[in-house]
Amino acid sequence: MKDKTIEALWAHVHGLGVLAALGSYTAAAQRLGISKAAMSLRVAELERATGVSLVRRTTRSVRLTEAGQQLVDDTRGAFEDIERSYAGVMEFAGAPRGVLRVTAPVALGRQELVPRVPAFLRQHPDVRVELDLSDRFVSLAHEGFDLAVRHVAAVPDTHVAWTLCRTRSVLVASRAYLRRRGTPKAPQALAAHDCLHYLRPGDTPAWTFEPVRGRAPRAATTVAVRGGFSANNSEALREAALAGVGIALLPDFSAHRDVAAGRLQVVLPGWRPVGAFGDQLHAIRPYSPHVPRAVQAFVTYLREAFADGFPVPGVG
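Residue numbers here run from 1 along each chain, matching the order of that chain's written sequence. A pLDDT threshold of at least 70 governs which residues receive local features in this predicted model, and a stricter bar of 80 or more applies before side-chain atom pairs are shown or counted, although totals over entire chains, interfaces and linings include all residues. Side-chain figures throughout are based on the complete set of non-hydrogen atoms in the structure, without hydrogens or water.

What to know about the nonpolar core
Soluble, globular proteins show a tendency: their nonpolar side chains are buried together. Within the largest apolar cluster, 32 residues are counted, with the highest numbers of intra-cluster contacts made by Leu-171, Val-172, Leu-190 and Trp-207. At the level of secondary structure, the elements contributing two or more residues to this core comprise β7 (169-173), α8 (175-181), β8 (195-198), β9 (206-211), α9 (234-242), β12 (247-251) and α10 (252-260). Excluding anything up to four places from it in sequence, Trp-207 contacts Leu-171, Leu-190, Cys-195, Leu-196, His-197, Thr-221, Thr-222, Val-223, Val-225, Ile-247, Ala-248 and Leu-249. The nonpolar core is taken to be a set of buried Ala, Val, Leu, Ile, Met, Phe, Trp, Tyr and Cys residues, with the residues joined through side-chain atoms within 4.5 Å. Exposure is judged per residue with a 1.4 Å probe applied to protein chains only, and the accessible area is read against the type maximum: over 50% gives exposed, under 20% gives buried, and values in between give partly exposed. Core analysis: the second largest hydrophobic core is formed by 26 residues, Val-127, Leu-164, Ala-283 and Phe-298 among them. Going along the chain from the N terminus, every DSSP run of H or I of four or more residues is numbered as a helix, and every run of E of two or more is numbered as a strand. Contact between two residues is taken to exist if any of their heavy atoms lie within 4.5 Å; hydrogens are not considered.

Listed below in structure tokens is the structure:
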């Protein structure tokens, strides 16, 4: 074996790892695309090179010796790195493919993301999307996500963000509620109304408003609000508003369809709610020098799909 190159030995070590995983010379040979005899020869050559027995053969199974298992364990990480690097190089050629793991908030995902996924899958049939809907801010790197779609004001410096569109918050109520309780004419009047507040841990229910540009100069104002219902989900708040429970402060993606259909009415159109939700929708991923083609394709698709944002009739 002295004439054997390190490259050949490296290939034999890889074969030993495949044999350990499959537990059969026949299965390992099929996985590697060689004959069973060639598989046995590779193991024998590796044993001669190392000077120790690496495989324990019985009539029913093939198992590694302690030395063989140590060799496989010590080199497993290197072969996994090679596989990842190879997959990364393959990304430069051909159509996007593979599994794309995406996380998004529940309401945004259900209302705006899920309806757009089928068209993306038709365009890219070799990509499989796994969508996790959660309102918690997950660690993308630690939990294995390729991309997050988030409605946030700021993005961590360690991440790369693509802006999908601008968004804003809107104050809405059903016509039935406004007929019953009256329509507030100024932010301070909200103190006398049932307000549907987005629930955050340790948060004091209060809404801040700035005057819409072009109107008479007025300072921003913050109003403490209260009501019989709050929730940490904008869909739930929207449903409560539709049922006439109170006035809801919602992100535009949760309100725009119901306002357009006349089911909800914009309240205080001369004032802009600020600070309640992010003002931009982003696609976010941890920084890396290489961005998989599937991620690139999905981001491009979302930027086109969300290019017009979520315009709310009556909101400037």
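Observations concerning the sheet that holds strand β15 (residues 280-286)
Spatially, five strands are ordered β4-β3-β5-β15-β6 in an open sheet, and the strand pairing comes out mixed. Two strands in the sheet have a free side with no partner beyond their single neighbour: β4 (127-133) and β6 (159-166). Between one strand axis and the next, the sheet turns through 25° on average, direction left out of account. When strand β5 (residues 147-152) meets β15, the two strands line up antiparallel, connected through five bridges. When DSSP finds at least two bridges between two strands, those strands are taken to pair. Axis lines are fitted to C-alpha atoms, over the contacting stretch for helices. Their N-to-C directions set the angle, which ranges from 0 to 180 degrees.

Details of the packing of aromatic side chains
The way to describe two aromatic rings as a pair is by their centre distance and the angle between their planes. In this scheme Phe, Tyr and Trp rings, the latter by its six-membered ring, pair at centre separations within 6.5 Å, and the angle between planes marks the pair as stacked below 30 degrees, edge-to-face above 60, and tilted otherwise. The final tally for this structure, using the stated rule, is five aromatic pairs. Arranged with centres 4.8 Å apart and planes meeting at 70°, the rings of Phe-120 and Phe-298 form a pair that is edge-to-face. Linking Phe-120 in helix α6 (residues 117-123) with Phe-298 in helix α11 (residues 293-305), this pair joins segments that are 178 residues apart in sequence. Neither residue differs from the other here; Phe-120 and Phe-298 are each classed as buried. Each ring, one from Phe-253 and one from Phe-310, has its centre 6.1 Å from the other, and the planes form 70°; the classification is edge-to-face. Placement of Phe-253 in helix α10 and of Phe-310 in the segment after α11 is noted, with a sequence separation of 57 residues between them.

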